[in-house]
Number of protein chains: 2
Amino acid sequence: MENLNKLSPVELRHLIRTGKFSGQTSGLAAGFTQANLVILPRSLAYDFLLFAQRNPKPCPILEVSDAGSRNLRQFAQDVDLANDFPKYRIYRDGKLTEEVTSVEKYWRDDLVSFIIGCSFSFEAELIAAGIEVRQITLGLNVPMYNTNIELTPAGKFRGTMVVSMRPIPTEQVVKAVKVTAAMPKVHGAPIQIGQPAKIGIKDLAHPDYGDAVPIKPGEVPVFWPCGVTPQNVIMQVKPPFVITHSPGHMLITDIKNTSLKYD
Amino acid sequence: MENLNKLSPVELRHLIRTGKFSGQTSGLAAGFTQANLVILPRSLAYDFLLFAQRNPKPCPILEVSDAGSRNLRQFAQDVDLANDFPKYRIYRDGKLTEEVTSVEKYWRDDLVSFIIGCSFSFEAELIAAGIEVRQITLGLNVPMYNTNIELTPAGKFRGTMVVSMRPIPTEQVVKAVKVTAAMPKVHGAPIQIGQPAKIGIKDLAHPDYGDAVPIKPGEVPVFWPCGVTPQNVIMQVKPPFVITHSPGHMLITDIKNTSLKYD
């Protein structure tokens, strides 16, 4: 497995599909977009798609499958949505009941797969622009916080935004805004700079999800809309059946991060 | 009515709502976004929203109402979708059956309104950037053409892209691309520059919709995805009941064109 980093997206998907790799995907197929997954029954798909349309910053939809289909058209060829994520979570009535490496045996004709942008893509661009991404330097998960930012409801779905935080040196904040604003399909520009209390965050040292990271003198905390938001909102609805990816176990797509900037 | 040009969006909507104005909206409330309308029954709304998600360039959704609601949240306050377009068209089984100034008496609890970006917004920006928009200079409708560009299907909806054409001096083409690329919510960048045959257009002198305009020496025809596309695609499906705006009779929203560039 030492050559995992050299494999192409389709080679990695084949390895994952055949059960030969089930780990986290961070750092694999560098430069290619990785994506979050939400699979819902068709009966909930309109409300969720409308919710995403109304809240594109925390919920940037990259692609939606046809009901029952395990294929994609745009973000990956030669893909099997039931096997190509290294790990899946199955929720029943809002409770996590199974964590599995294939959801083939759970597949139904009415399931719709939502492929959702993740901040992994813009982090690579920040680093390329010379901006340190603290939790990557430290080998930690990004700190994420619940906020008081109300989302626009759609049907059953409503709630508040979850944000991720990265400490940025004051003199690099403008560059960080510019880099991420150019990538609206993976959350885009920050939603708040330097004033956590304004969005209801009381204690940066105790994130609601992920790990705390230190903020050094001369740095400000910068907050971006986070892809945990849609999963969070869905779980509050407690649908009878939902499949998601396991955190960090993403779909590796055929699309380059850079192409997301120009599409 | 001589002061129509000085009225705010909400003042114009009141005038339209109370039947005091039912004309074209071109040039009114300069700087504010105007929008196309498609109203479909809820049973077709998921397929149409998915079609728009898959084809955002010709079908840029600005906002979708809740089923049965005549209000908007984001693009206009104090709005009545059943009365605030100066003129509506009603189609039954794909045939135009009525043209009316109010659709109040046709309203149903299952109707969903799709508010769709129109190129009016980017034309104002082109002019502001010093680029002539030929059909406006000549007081004509923009020339529009059917193409061979296949759209990504979604459920019942499938078809080819309709494009609008504006002749641009060679030395201004790059600027025209930059100006419109910054406004993806109103069709964004051109889809073709200078080679109509590549997208299946045989005769620029005979557009499929709108009026022909002259192309002067030193100019190239530039083609943008066009908002006629979604209406065209819907009509091919011949749904039992659809309401649209009448061409040129748009919703005047509260949102500035410039804010669409930064959202």
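This is a predicted model, so every value here is computed, not measured. (Residues numbered from 1 in each chain as written. Chains lettered and ligands numbered in written order. Predicted model: local features only at pLDDT ≥ 70, side-chain atom pairs only at ≥ 80, totals over all residues. Heavy atoms only, no water.)

> Whenever I open this one, the packing of helix α3 (residues 120-128) of chain A against helix α5 (residues 173-181) of chain A confuses me. Can you help?
All names here are of chain A. For the pair α3 and α5, the least separation of the axes is 9 Å and the interaxial angle reads 135°. Considering their axes alone, α3 and α5 lie oblique with respect to each other. Like other packed secondary-structure pairs, α3 and α5 cross with a definite hand, here right-handed. Contacts between α3 and α5 involve F122, E125 and L126 from the former and A176, V179 and T180 from the latter. Each residue belonging to the contact of α3 with α5 can be placed in one class, and the counts come to four nonpolar, one polar and one charged. (Axes fitted to C-alpha atoms, helices over the stretch in contact; angles between N-to-C directions. Helix = DSSP H or I, 4+ residues; strand = E, 2+ residues; numbered from the N terminus. Parallel < 35°, antiparallel > 145°, perpendicular 65-115°, else oblique. Left-handed = near helix turned anticlockwise from the far one by under 90°. Contact = heavy atoms within 4.5 Å. Nonpolar A, V, L, I, M, F, W, Y, C, P; charged D, E, K, R; others polar.)

> Before we go on, may I ask you to explain the interface of chain B and chain A in this structure?
How big an interface is tends to be expressed through the accessible area that disappears when the partners come together. With 19 residues of chain B in contact, the opposing surface of chain A contributes 20 residues. Interface of chain B and chain A: buried area, both sides summed, is about 1,600 Å²; carbon and sulfur atoms make up 52% of it. When the buried area of chain B at its contact with chain A is split by residue, Y46, Q53 and R54 of chain B rank highest and sum to 38% of it. In this structure, R54 of chain B and D66 of chain A form a salt bridge, with 2.9 Å as the shortest nitrogen-oxygen distance. Where chain B packs against chain A, one counts six residue pairs in polar contact (both at pLDDT 80 or more). Mapped by element, the contributors of at least two residues to the side of chain B that touches chain A are α2 (42-54) and β2 (61-64) of chain B. When residues in the side of chain B that touches chain A are grouped by element, the largest group, seven residues, is from α2 of chain B. Residue composition of the side of chain B that touches chain A, by class: nine nonpolar, three polar and seven charged. (Buried area = accessible area lost by both parts, 1.4 Å probe. Salt bridge = Lys/Arg side-chain N within 4 Å of Asp/Glu carboxyl O. Polar contact = N/O pair within 3.5 Å; in protein donor to acceptor, adjacent residues only side chain to side chain.)

> Can you walk me through the domain arrangement of chain A in this structure?
Residues and elements named next belong to chain A. Entries for chain A in the domain assignment read domain 1 (4-119 + 236-260) and domain 2 (122-230). If you average the C-alpha positions of domain 1 and of domain 2, the two centres end up 22 Å apart. Summing both partners gives a buried area of about 2,200 Å² for domain 1 against domain 2, and 67% of it is carried by carbon and sulfur. At the boundary of domain 1 and domain 2, one finds zero salt bridges. (Domains from an automatic or database assignment.)

> Help me understand the nonpolar core in this model?
A general trend in soluble globular proteins is that nonpolar side chains are found buried together. Of all hydrophobic cores here, the largest spans 67 residues; its most connected members are L40, F48 and F114 of chain A together with L40, Y46, F48 and F114 of chain B. Ignoring any residue separated from it by four or fewer positions in sequence, one finds Y46 of chain B in contact with R42, A45, Y46, L49, V64, V112 and F114 of chain A. (Core = buried A, V, L, I, M, F, W, Y, C linked by side-chain atoms within 4.5 Å. Buried < 20%, exposed > 50% of the residue type's maximum accessible area, 1.4 Å probe, protein only.)

> I'm lost on the relation of the copies chain B and chain A in this one. Help?
Mapping between the two copies of the chain is achieved by a rotation about an axis and a shift along the axis. Expressed as a screw transformation, the operator carrying chain B onto chain A has a rotation angle of 180° and an axial translation of 0.0 Å, and the superposed copies differ by an RMSD of 0.0 Å. Interpreted geometrically, this transformation is the action of a two-fold axis. Among all C-alpha atoms of chain B, that of Y46 of chain B lies closest to the rotation axis, at 2.6 Å. Counting the interface residues of chain B, we find that 100% of their copies in chain A are interface residues as well, pointing to one common contact surface. (Least-squares fit on C-alpha atoms with pLDDT ≥ 70 in both.)

> Would you mind showing me how to read the sheet that holds strand β6 (residues 144-150) of chain B here?
Where strands meet in a sheet, backbone hydrogen bonds hold them as pairs that are either parallel or antiparallel. Residues and elements named next belong to chain B. Taken together, four strands build an open sheet; the order of strands is β6-β7-β9-β8 and the sheet is antiparallel. A single partner strand is all that each edge strand has here, and the edge strands are β6 and β8 (192-193). In this fold helix α6 (residues 228-237) packs onto β6 and β7 (160-169), with an angle of close to 155° to the strand it touches most, β7. (Pairing = 2+ DSSP bridges.)

> Looking at this model, I keep getting lost on the side chain of T229 of chain A. Mind explaining?
When you line up the elements, T229 of chain A lands in helix α6 (residues 228-237). Here T229 of chain A is in contact with P58, L151, T160, M161 and V162 of chain A, once residues within four sequence places are set aside.

> Would you mind going over the packing of helix α2 (residues 42-54) of chain A against α2 of chain B with me for this structure?
The packing of two helices is summarised by the inter-axis angle and the distance between the axes. Between α2 of chain A and α2 of chain B, the shortest axis-to-axis distance is 10 Å and the interhelical angle comes to 50°. The angle between α2 of chain A and α2 of chain B places the two elements in the oblique class. Here α2 of chain A runs over α2 of chain B; the crossing is left-handed. Contacts between α2 of chain A and α2 of chain B pair R42, A45, Y46, L49, L50 and Q53 of chain A from the former with R42, A45, Y46, L49, L50 and Q53 of chain B from the latter. Here the contact of α2 of chain A with α2 of chain B is composed, by residue class, of eight nonpolar, two polar and two charged.

> Would you take a moment to explain the sheet that holds strand β8 (residues 192-193) of chain A for this structure?
All names here are of chain A. Sheet architecture is open: four strands sit in the order β6-β7-β9-β8, paired in antiparallel fashion. Every other strand in the sheet has two partners, leaving β6 (144-150) and β8 as the edge strands with one partner each. In this structure, β8 lies alongside strand β9 (residues 219-225), joined through two bridges in antiparallel fashion. Bridging from a neighbouring strand, I193 pairs with V222 of β9.

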